[in-house]
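# Reading the structure
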Amino acid sequence: MKRTLLYLIAGTVISFLLNYFLFGSQGWKLDLFYGFSFGLAWGIAYFLDDVKFSLAQKFSISFLAMGILAIIGTLIFNFELAVPSVIKFSMVFVAYYLIASFRSSKSLRK
């Protein structure tokens, strides 16, 4: 659980800093929200990278997280600005498991 939180915080901070200073800021609040979606994806993907979770559970939890991101983004900003956070989340989540698939253990935890 400590590493999950570490990935969440590190992913949020790194993504926020890159968006804010290098890629052109859309406002610090929106950049922070997009950074949070990036960090949340890495954190949840790492947390779910365990044999105790079935594939259906992994899908359900990731879809629930995407739904929560869409709701929070819609409440704070608007739906058009919330959608990129869901796209970032799904891309990072898929990238995590794509990278893991190249390892013999099929996991990045080991």
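Residues numbered from 1 in each chain as written. Predicted model: local features only at pLDDT ≥ 70, side-chain atom pairs only at ≥ 80, totals over all residues. Heavy atoms only, no water.

### Comments concerning the overall build of the protein
Rules: A run of H or I in DSSP counts as a helix once it spans at least four residues, and a run of E counts as a strand once it spans at least two, with each numbered from the N terminus. A radius of gyration in this sense is built from C-alpha atoms; the matching globule rule multiplies 2.2 Å by the number of residues raised to 0.38. The classification of residues rests on relative accessible area computed with a 1.4 Å probe and restricted to protein chains. Under 20% of the type maximum is buried, over 50% is exposed, and intermediate values are partly exposed. For this analysis, residues touch if any pair of their heavy atoms sits within 4.5 Å. A 1.4 Å probe and the Shrake-Rupley method give the accessible areas. Residues count as covered only by the protein chains that appear here. Note on charges: Lys and Arg go in the positive column, Asp and Glu in the negative column, and His and the chain ends are not counted at all. The location of each charge is read from NZ of Lys, CZ of Arg, CG of Asp or CD of Glu.
Within the protein, the regular secondary structure consists of 4 helices and 0 strands. Taken over the C-alpha trace, the protein has a radius of gyration of 14 Å; the compact-globule value for 110 residues is 13 Å, and the two agree within 12%. For the protein, the spread of C-alpha atoms along the three principal axes comes to 40 × 25 × 25 Å. Across the 110 residues in the protein, those meeting the buried criterion constitute 35%. Here the analysis covers contacts within the protein between residues at least 6 apart in sequence; of these, 64% occur between residues at least 24 apart. A total of about 6,900 Å² of accessible surface is found on the protein, and carbon and sulfur atoms cover 75% of it. Across the protein, the 10 positively charged side chains and the 4 negatively charged ones have centroids separated by 11 Å.

### Remarks on the side chain of Ser62
In this structure, Ser62 sits in helix H3 (residues 55-76). Non-local contacts of Ser62, meaning those with residues more than four positions away in its chain, are made with Phe89 and Phe93.

### Focus on the nonpolar core
Put simply, the rule reads: Only buried residues count toward a nonpolar core. Its members are Ala, Val, Leu, Ile, Met, Phe, Trp, Tyr and Cys residues joined through side-chain atoms within 4.5 Å.
Core analysis: the largest hydrophobic core is formed by 20 residues, its most contacted members being Leu40, Ile44, Leu48, Leu69, Val86, Phe89 and Phe93. Those elements giving two or more residues to this core turn out to be helix H2 (28-48), H3 and helix H4 (79-101). The biggest single contributor to this core is H2, with 9 residues. The contact partners of Leu48, leaving out residues within four places of it in the chain, are Phe53, Lys58, Ile61, Phe93 and Tyr97.

### Regarding the packing of aromatic side chains
Each pair of aromatic rings is reported with the distance of its centres and the angle of its planes. For the record, the criterion: Each Phe, Tyr or Trp ring (for Trp, its six-membered ring) is paired with any other whose centre lies within 6.5 Å, and the angle between the two planes then decides the class: stacked below 30 degrees, edge-to-face above 60, tilted in between.
Throughout the structure, instances matching the rule amount to 12 aromatic pairs. Three or more aromatic residues joined by ring pairs form one cluster here, namely Phe38, Trp42, Phe89, Phe93, Tyr96 and Tyr97.

### Here we look at the confidence of the model for the protein
Quick reminder of the rule: pLDDT expresses how confident the predictor is about each individual residue, on a scale running from 0 to 100.
Scored by pLDDT, the protein comes out at a mean of 88, with 99% of its residues at no less than 70. H3 holds the highest mean pLDDT among the elements of the protein, 92, whereas helix H1 (residues 2-22) holds the lowest, 88.

### Side note on the packing of H2 against H4
Spelled out, the test is: Throughout, an axis means a line fitted to C-alpha atoms (over the contacting stretch in the case of helices), and angles, computed between N-to-C directions, take values from 0 to 180 degrees. Relative orientations are named as follows: roughly parallel for angles under 35 degrees, roughly antiparallel for angles over 145 degrees, roughly perpendicular for angles from 65 to 115 degrees, and oblique for any other angle. For any helix crossing, the convention is left-handed if the near helix is rotated counterclockwise from the far helix by under a right angle, and right-handed if that rotation is clockwise. Classes in brief: Ala, Val, Leu, Ile, Met, Phe, Trp, Tyr, Cys and Pro nonpolar; Asp, Glu, Lys and Arg charged; the others, Gly included, polar.
Between H2 and H4, the shortest axis-to-axis distance is 8 Å and the interhelical angle comes to 30°. One finds that H2 runs roughly parallel with respect to H4. The element H2 and its partner H4 pack so that their crossing is right-handed. Counted together, Leu30, Phe33, Tyr34, Ser37, Phe38, Leu40, Ala41, Trp42, Ile44, Ala45, Tyr46 and Leu48 of H2 and Leu81, Pro84, Ser85, Lys88, Phe89, Val92, Phe93, Tyr96, Tyr97 and Ile99 of H4 form the full contact between these two elements. Residues of the contact of H2 with H4, tallied by class, amount to 19 nonpolar, 2 polar and 1 charged.

### Observations concerning the side chain of Asp31
Stated precisely, the cut-off is as follows: Salt bridges are defined as contacts in which a side-chain nitrogen from Lys or Arg sits within 4 Å of a carboxyl oxygen from Asp or Glu.
With respect to the helices and strands, Asp31 occurs in helix H2. For the buried Asp31, no salt bridge exists, and the shortest N-O distance to an oppositely charged side chain is 7.0 Å, to Lys88.

### As for H4
To keep things clear, this is the line we draw: By this rule the span expected of a helix is its residue count minus one, scaled by 1.5 Å. Polar contacts, as used here, are pairs of N or O atoms within 3.5 Å; protein pairs need one atom able to donate a hydrogen and one able to accept it. Residues neighboring in sequence count only if both atoms are side-chain atoms.
Here H4 is 23 residues long and its end C-alpha atoms lie 33 Å apart, about the 33 Å a rise of 1.5 Å per residue gives. Ala82, Ser85, Val86, Phe89, Val92, Phe93, Tyr96 and Ala100 are the residues of H4 that are buried. Between a side-chain oxygen at the N-terminus of H4 and the backbone nitrogen of Glu80 the separation is 3.1 Å; the capping residue is Asn78.

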